[in-house]
Each structure stands twice: as structure tokens, then as C-alpha cells.
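Listed below, chain by chain, are the residues.
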Amino acid sequence: MSNDKLTPIPMVDLKEELDLIRKLIIQELTDVLDSGIYILGEKGEKLEREVAHYVGASYAAGVANGTDALELSLQALNIGYGDEVITTPFTFFATAEAIARVGATPVFVDIEEETYNIDPIKVEKAITKKTKGIIVVHLYGQVAKMEEIMDIAKKNDLKVIEDACQALGAEYNGEKAGAISDIGCFSFFPSKNLGAFGDAGMVTTNQRNLYEQICRLRNHGSKTKYYHSTIGMNSRLDEFQAATLLVKLKYLDIFLHQRKEVARRYTDSFHNLIKSPTIPENKAHTFHQYCIELDKRDELALNLKNNGIASSIYYPIPLHLQAAFDYLNYKAGDLPVAEKAAKRTLALPIYPMLSIQKQMYVISTVLDFLNRKP
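Residues numbered from 1 in each chain as written. Predicted model: local features only at pLDDT ≥ 70, side-chain atom pairs only at ≥ 80, totals over all residues. Heavy atoms only, no water.

(A) Up close: the sheet that holds strand β6 (residues 171-172). Strand order in this open sheet of three strands is β7-β6-β12, and the pairing throughout is antiparallel. Looking at which strands have only one partner, the edges of the open sheet turn out to be β7 (175-176) and β12 (283-284). The sheet contact formed by β6 and β7 spans two bridges and is antiparallel. By the bridge assignment, Y172 is partnered in β7 with E175. (Pairing = 2+ DSSP bridges. Helix = DSSP H or I, 4+ residues; strand = E, 2+ residues; numbered from the N terminus.)

Now the structure itself:
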């Protein structure tokens, strides 16, 4: 298959998605302009209700971005100086950054080889008298072993936050990510499965007291204007992003279905040739990313680039080896599964509008590389 007609193939094509719903979004944005209300207005409130309903949570609070969602959640749970929070080293920096920003100490434990999610067995072994909570990341859109993690948390009186920034719509035993634990955190960064036209985020919970605390904290610690009961921050979801997300939310399940079809074609093509995502029966994967694993990861990435195909590495340096966390005194070899994954995983293009023709070109390029003689 000639690459001249097909390339370049990006990791995600937001323009194709926009072309489908452009008129609807423009109308929603026009409504916001005409209203004269741009922050904490009707669009944001409606989005909060719809996201809460979609996730199956009692409450949702819009915030400025996914990172703030994590930090605000930790603050709402009264986690701070002197506390430890267990989390995964194989995730975006923001997960542990939020822990450090509230003054708590990130405690990294290793991941499972198959799912790349945090290993519950290692979580339990890492609990100390200082442990106050666990941040679980549903990496790439696959829910971690929440039943085991929630049992561990209950037994040890710990709070659990779901970093579901890649997993809106993912399920575990019939429950959606973000409604299984104390608090769920979502990012609507443009490249996410539900993406805004800028930064945006959401916090979900089934506990009214946590919802009310999040609402105060996101608004300078204030419930009534000019009256501040606590120290908060400015982290409010604006009406333009809410309007955009309201339109896109209507299409989310359709787009997730299309992502799963793309993932299925990849998996069928790479069966028994390369390590690709595995999905237990009790989980529904959103395939925010589709990652394969191989020894010659960097060589394949270069080969794809030379053929006009994008790829990406999520994540090249595990968090316990990041310079920002040198003060925690981790060293290479401490978390071998995460370190191995960082050296071997590669994300391939995946988005709802990826045509079969383009995907087959990606697949054939990967297979040609795998079949090359040493």
C-alpha cells in the first residue's frame, strides 16, 4: 500500500471530529456569548449534571483542568503535610505532582505487567501509619483492580481517589470509572476521549460533603461571594468549555465504540506476534491509548516516523526516577515492572475517525518491521 495518499497519520485528528459537530458547537458557543455569563453559569451546571449521570455519581463539580481536580480532591479529603499517598510511578507527572503540591509524600509502588495499572498486592505492602490515601490511575482507559483496592482501603481506613483522566466511560463490574471510590478525577484536555477546546476538568463523588468542599475550594474557599471559610484556589470550568463538552458528550459512546473497533483491528492483526492490550471480562476499556510492547521500541518508532506515521511513548521515565522526585531517594531497579514498561511500550494512532484504510497502513508498516530479518 502506497503511503503517498495516506500520510501523515497523526496520533489523534481533532479536526475530523470537529467537522462532524462544528455547527452544533458554534451554536452552543454563540449561546454563551449572548448570555454574557462566562464562568459558573448554566452550561457548566448542566454539564455537571450530565457527567454525574453518565458516570453514575451523585455529584460532579467542574474545575479548570485534570491536575486541579486531583489537587482539590486531596485537599477536600484533608490530605496534606505529614501524610503519605500511595500511587503508581507509571502515569503522567500530574498524578504525583498533586500529592506533592498539597505537602504530602508520594509513595510509589510497582505495576502489573499485563495492564500497567497499580498492583494491589504491592499497595497493601506499602501501607504505613502515615498512609492517608491511594490515588489509582486507570491507565490508557482500563480500570484498575478496584474491588481489591477498595477492600484494602476499607480495611486500613484509607481514602481512594480515581485518576480517571484517561478513562471516562470505562467500566469495572458494571460500575463506571469515577464513581467507584471516594472521588473521581477527569481531564477534558483536547486530546482526551472527551476533549474541550482548552483545559477543563471535573470531579465526581457520591458524598455530598466532599462535593460541597470541592465547590468551595475551586472558588477561593468561598460559597457566598466575599465570604471565605477556607483557603482555596481559582479553578473554575468556564462556560465556553462546558458548552463544547455538552455537545461532545452526546457523541461519547459512539466515539468510544469506534475506538474499540480500531483497537480490535490492531489486536487481531498483532495476535501472537507482539504484546498488545489485554482486557479482563469484568472491564470495559476506553482505549484512550493503544500501547504495544516490544524490545526494539525506539527502532519501530523511527520506522513509523519515516513512513509518515505518528507514535508516542507514554511514559519514557517513570515518576520515581524523575529529577523532581530525587528527594524521595528512589533508584533505578526499585520498581522493575514500571521501568521495563517505560523502555518497551509504544502508543499507536487511535481516534474515532481513523479510517480502516489508514489503520491498515499502520498495521502493515508495523508487521513489515516485525518480520524484518535481524
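Let's pick the thread back up.
(B) Spatial organisation of a nonpolar patch on the surface. On the surface, a cluster of nonpolar side chains totalling about 350 Å² of accessible area is made up of L33, Y38, I39 and L40. In this structure, L40 sits in the loop between α1 (14-35) and α2 (42-55). (Patch = residues over 30% accessible without salt bridge, like charges linked within 9 Å, V, L, I, M, F, W, Y side chains within 5 Å. Areas by Shrake-Rupley, 256 points an atom, 1.4 Å probe, with all protein chains shown as cover. Salt bridge = Lys/Arg side-chain N within 4 Å of Asp/Glu carboxyl O.)

(C) Structural view of the packing of aromatic side chains. Counted under the stated rule, the structure contains 14 aromatic pairs. When the centroid spacing of 5.0 Å and the interplanar angle of 15 degrees are considered together, the rings of Y59 and Y211 count as stacked. With Y59 in strand β1 (residues 59-63) and Y211 in helix α7 (residues 208-217), this pair connects stretches of sequence that are 152 residues apart. Residue Y211 is classed as partly exposed on the basis of its relative accessible area of 21%. Ring centres 4.9 Å apart and planes at 35 degrees place the aromatic pair Y266 and Y290 in the tilted group. Linking Y266 in helix α9 (residues 252-270) with Y290 in strand β13 (residues 290-293), this pair joins segments that are 24 residues apart in sequence. (Phe/Tyr/Trp six-rings, centres within 6.5 Å; stacked < 30°, edge-to-face > 60°. Buried < 20%, exposed > 50% of the residue type's maximum accessible area, 1.4 Å probe, protein only.)

(D) Representation of the pairing of strand β3 (residues 105-108). By the bridge criterion, four bridges tie strand β2 (residues 84-87) to β3 in an arrangement that is parallel. Its bridge partner lying in β3, I86 is registered against V107. Read from β2 through helix α4 (residues 94-101) to β3, the crossover connection turns out right-handed. (Right-handed = clockwise from strand over helix to strand, strands pointing away.)

(E) Here's a closer look at unusual backbone geometry. In this model, Y314 is joined to Y315 through a cis peptide bond whose omega is 15 degrees. One can find Y315 in the loop between α10 (297-306) and α11 (336-344).

(F) A look at the sheet that holds β2. The strand order across the open sheet built from seven strands is β1-β9-β8-β5-β4-β2-β3, with neighbouring strands paired in mixed fashion. Either end of the sheet is taken by a strand with one partner, and the two such strands are β1 and β3. In this sheet, adjacent strand axes meet at a mean angle of 25 degrees when their direction is disregarded. As paired strands, strand β8 (residues 183-187) and strand β9 (residues 201-205) are joined by five bridges and run antiparallel to one another. Paired with S187 across the strands is G201, a residue of β9. Here helix α3 (residues 66-76) sits on the sheet in contact with β1, β2, β4 (131-137), β5 (159-163), β8 and β9, set at roughly 160 degrees to β8. (Axes fitted to C-alpha atoms, helices over the stretch in contact; angles between N-to-C directions. Contact = heavy atoms within 4.5 Å.)

(G) Representation of the pairing of β13 within the structure. Residues Y290 and I292 of β13 are buried on one face, and the alternating residues C291 and E293, pointing to the opposite face, are buried as well. Relative to strand β14 (residues 345-348), β13 runs antiparallel, the two sharing four bridges. The residue of β14 that forms the bridge with E293 is T345.

(H) Expanded view of α4. All buried positions along α4 are accounted for by A94, T95, A96, A98 and I99. The inward-facing, buried residues of α4 abut α3, β2, β3, β4 and β5. Backbone geometry just downstream of α4 places G103 in the positive-phi region, at approximately 95 degrees.

(I) Local environment of the environment of K283. Among the secondary structure elements, K283 is positioned in strand β12. Judged by relative accessible area, K283 falls into the buried class, the value being 9%. Along the primary structure K283 and V143 are separated by 140 residues, whereas in three dimensions their C-alpha atoms are 6.7 Å apart. Ignoring anything within four residues of it in the chain, the contact list for K283 reads T115, Q142, V143, A144, K145, E171 and Y172.

(J) Structural view of the nonpolar core. Ranked by size, the top nonpolar core spans 44 residues in total, and within it L47 and F188 carry the most contacts. Taken together, the elements giving at least two residues each to this core come down to α2, β4, α6 (146-156), α8 (239-249) and α9. Per element, the largest residue contribution to this core is five residues, and it comes from α2. The residues touching L47, leaving out its near neighbours within four places in the chain, are M202, L237, A242, L245, L246 and L249. Counting 26 residues, the second-largest nonpolar core is a separate cluster that includes F270, I274, Y290 and I292. (Core = buried A, V, L, I, M, F, W, Y, C linked by side-chain atoms within 4.5 Å.)

(K) Fine view of the side chain of N65. Take N65: it is sitting in the loop between β1 and α3. Judged by its relative accessible area of 18%, N65 falls in the buried class. Within the local environment of N65, its side chain forms a polar contact with the backbone nitrogen of T67, the two atoms lying 3.1 Å apart. The residues contacting N65, other than those within four sequence positions of it, are D199, A200 and G201. (Polar contact = N/O pair within 3.5 Å; in protein donor to acceptor, adjacent residues only side chain to side chain.)

(L) Quick look at the state of the cysteines. Enumeration according to the criterion identifies zero disulfides in this entry. No disulfide involves C165; its nearest neighbouring cysteine sulfur is the one of C185, lying 6.4 Å away. Exposure remark for C165: the relative accessible area of 13% places this residue in the buried category. (Disulfide = S-S within 2.5 Å.)

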